[in-house]
Amino acid sequence: MYSSHPQSVCVLGSTGSIGVSTLDVLSRHPQQYRVFALTARERVEALAQQCREFRPHYAVVLDETRAQSLRQSLRTDGIETEVLSGIEGLCQVASDERVSVVMAAIVGAAGLKPTLAAVKAGKKVLLANKESLVMAGPLFMDALARSGAQMLPIDSEHNAIFQCLPYPCDSLDEAGVERILLTGSGGPFRTTDPAALERVTPEEACNHPNWSMGRKISVDSATMMNKGLEFIEACYLFRAAPADIQVVVHPQSIVHSMVQYRDGSLLAQMGNPDMRTPIAHALAFPQRIDSGVAALDLIAQGRLDFEAPDEVRFPCLRLAREAMEAGGSAPTTLNAANEVAVQAFLDGALPFTGIARVIEKVMKSTAVVELTDLDAVEKADQKARELAVEMLAAL
Ligand code: NAD
Ligand code: MG
């Protein structure tokens, strides 16, 4: 099954939750995959350790001072990895002609340029960084069509939907799809008294019942903005209209999403909640490789529950749907305001319930424009960030 030439993989955001899971899967298949580049923003010691283990051609650190300290540490150990820095370094390794697979696992808007560089260079792009697609969906889909790159979803829900659709699938209607059921656990506050949400702490918000993830996406799961971003992500990835997608709360996170067909069939992808499954799926597609994840024991699991989402408790879900319905720059604005508000919450400067309030105010005071190019995306992103900071100060 293994080809004689290992594929070169660039892991953007290798020190994060998805990055570490990716390296775990890659390390199980050394004949099939070679690590070409690893990147991180901080945690240089963790990156140095990954370089010692995987011996990549390149390591990229966002800022040059930290890059120098990594260079020093690798030189002392006699490791030949070349250390680059800055967004330019990230874009360079993501589009290097020797790379065939790029794992896009930087968190937030910072992932946009390197992920887009990988798409434009025609790579097989494994997309975890949902924010980049949410903020610049039309540009991504256009660049994909032009470059012939392949984009495979890593987000467990989208990976599940992808697995439940025929491949390729250019039109949901032609495939006989009636709707997509996007599942979400409801996060740590699904049953918390709404009055208590005002005072929940970042530690409580990051304590997800089923998944272990980075802090930003953990807060997004707690507000259900994660499901909102995923709703937008699904519209772009599967060329779906907002009305084609229904969010279903499924507290056990065993069914990762479903596709309902015209003939009454409902296809689901299931598995234990461990990101190594979608990572292994996308890496090897259309083959299947071992991911290290234990098989799902349905008898031990016993039951699976489903319920409707509560949009009063979780206004972010409504805000995301409204943004997608508005189109143009509205998802860009939503994403930027959310990033600012989540950071303020994590810094203790905004109550949990303030996140949705800030986003709604920013959305209401921003006109929707068309996303003609990257410049338009960056302007909309920047403007929303400035407005969000003003709203924070006013709260
Ligand atoms: P994380 O915070 O654990 O890791 C983020 C990685 O990006 C780190 O390596 C960090 O050094 C790097 N990074 C952060 N800011 C950067 C910047 N400004 N420039 C360059 N690099 C930067 O995050 P995560 O949980 O691994 O999530 C990564 C992405 O995957 C997010 O977009 C998230 O929504 C998505 N995702 C994560 C999960 C999950 O289970 N963790 C599931 C689905 C989707
Ligand atoms: Mg997800």
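Computed from a predicted model, the values in this text were never measured in an experiment.

Moving on, we come to the sheet that holds strand β11 (residues 266-270). One open sheet holds the 4 strands; their spatial order is β9-β8-β10-β11, and the pairing between them is mixed. One side of each edge strand has no neighbouring strand; the edge strands of this open sheet are β9 (245-249) and β11. Across the sheet, the axes of successive neighbouring strands diverge by a mean angle of 20 degrees, strand direction being ignored. In this sheet, strand β10 (residues 255-261) lies alongside strand β8 (residues 177-184) in antiparallel orientation, the contact comprising 4 bridges. Opposite Val177, over in β10, you have Tyr261 as the bridge partner.

Neighbouring residues of ligand 1: 26 residues in total, closest Gly13, Gly16, Ala110, Met213 and Gly214. Among the secondary structure elements, those contributing two or more residues to the shell around ligand 1 are α1 (17-27), α6 (130-147) and α9 (215-223). Of the residues in the shell around ligand 1, the class split is 12 nonpolar, 8 polar and 6 charged.

Here we come to the domain arrangement of the protein. The accessible area lost on association of the parts is a frequent measure of interface size. What the domain assignment lists for the protein is domain 1 (7-153) and domain 2 (171-271 + 303-394). In this structure, domain 1 and domain 2 have C-alpha centres spaced 25 Å apart. At the interface, 17 residues of domain 1 touch 20 residues of domain 2. A per-element tally of the side of domain 1 that touches domain 2 places α6 first, with 11 residues. Residue composition of the side of domain 1 that touches domain 2, grouped by class: 11 nonpolar, 4 polar and 2 charged.

Turning our attention to the sheet that holds strand β4 (residues 82-85). One open sheet holds the 7 strands; their spatial order is β4-β3-β2-β1-β5-β6-β7, and the pairing between them is parallel. Bordering the open sheet on either side are β4 and β7 (150-153), each of which pairs with just one other strand. Strand-to-strand, the axes of this sheet are offset by a mean angle of 20 degrees, without reference to chain direction. Bridge count for strand β3 (residues 58-61) against β4 is 4 bridges, and the pairing is parallel. If you follow Val60 over to β4, its bridge partner there is Leu84.

Take the UniProt feature "binding site: 1-deoxy-D-xylulose 5-phosphate" (unreviewed entry) in the protein next. What UniProt calls "binding site: 1-deoxy-D-xylulose 5-phosphate" (unreviewed entry) maps, in this numbering, to Lys130, Ser156, Glu157, Ser185, His208, Ser221, Asn226, Lys227 and Glu230. If you trace the backbone, Lys130 turns up in helix α6. Among the residues examined, Lys130 registers 28 C-beta atoms within 10 Å and is labelled buried. Setting aside residues no more than four positions away along its own chain, Lys130 makes contact with Asp155, Leu229, Glu230 and Glu233. Position of Lys227 among the secondary structure elements: in helix α10 (residues 225-237). Setting aside its immediate chain neighbours within four residues, Lys227 contacts Leu182, Gly184, Val247 and Leu317.

Cut-offs applied
Think of each chain on its own: its residues are numbered from 1, step by step along the sequence as written. Labels are handed out in written order, letters beginning with A for the chains and numbers beginning with 1 for the ligands. This being a predicted model, a pLDDT of at least 70 is required before a residue's local features are given, and a value of 80 or more before pairs of side-chain atoms are given or counted; all residues contribute to the totals for chains, interfaces and linings. In this description, strands pair whenever DSSP reports at least two bridges between them. By the criteria applied, helices consist of DSSP H or I runs no shorter than four residues and strands consist of E runs no shorter than two, each listed in order from the N terminus. Simply put, an axis is a line fit to the C-alpha atoms, just over the touching stretch for a helix, and the angle between two N-to-C directions goes from 0 to 180 degrees. Nearness here has a simple definition: the residue's C-beta atom, placed using the backbone, must lie within 6 Å of the molecule or strand. In this count, Pro and Cys sit with the nonpolar residues alongside Ala, Val, Leu, Ile, Met, Phe, Trp and Tyr, while Asp, Glu, Lys and Arg are called charged and the others, Gly among them, polar. Boundary definitions for the domains trace back to an automatic or database domain assignment. Think of it this way: build a C-beta for each residue from its backbone, and any pair within 7 Å is a contact. UniProt positions are given in the numbering used here, feature names are shortened, and annotations may be inferred rather than shown by experiment. The burial criterion counts other C-beta atoms lying within 10 Å of a residue's C-beta, which is placed from the backbone; the residue is buried at 20 or more, exposed at 12 or fewer, and partly exposed between these limits.

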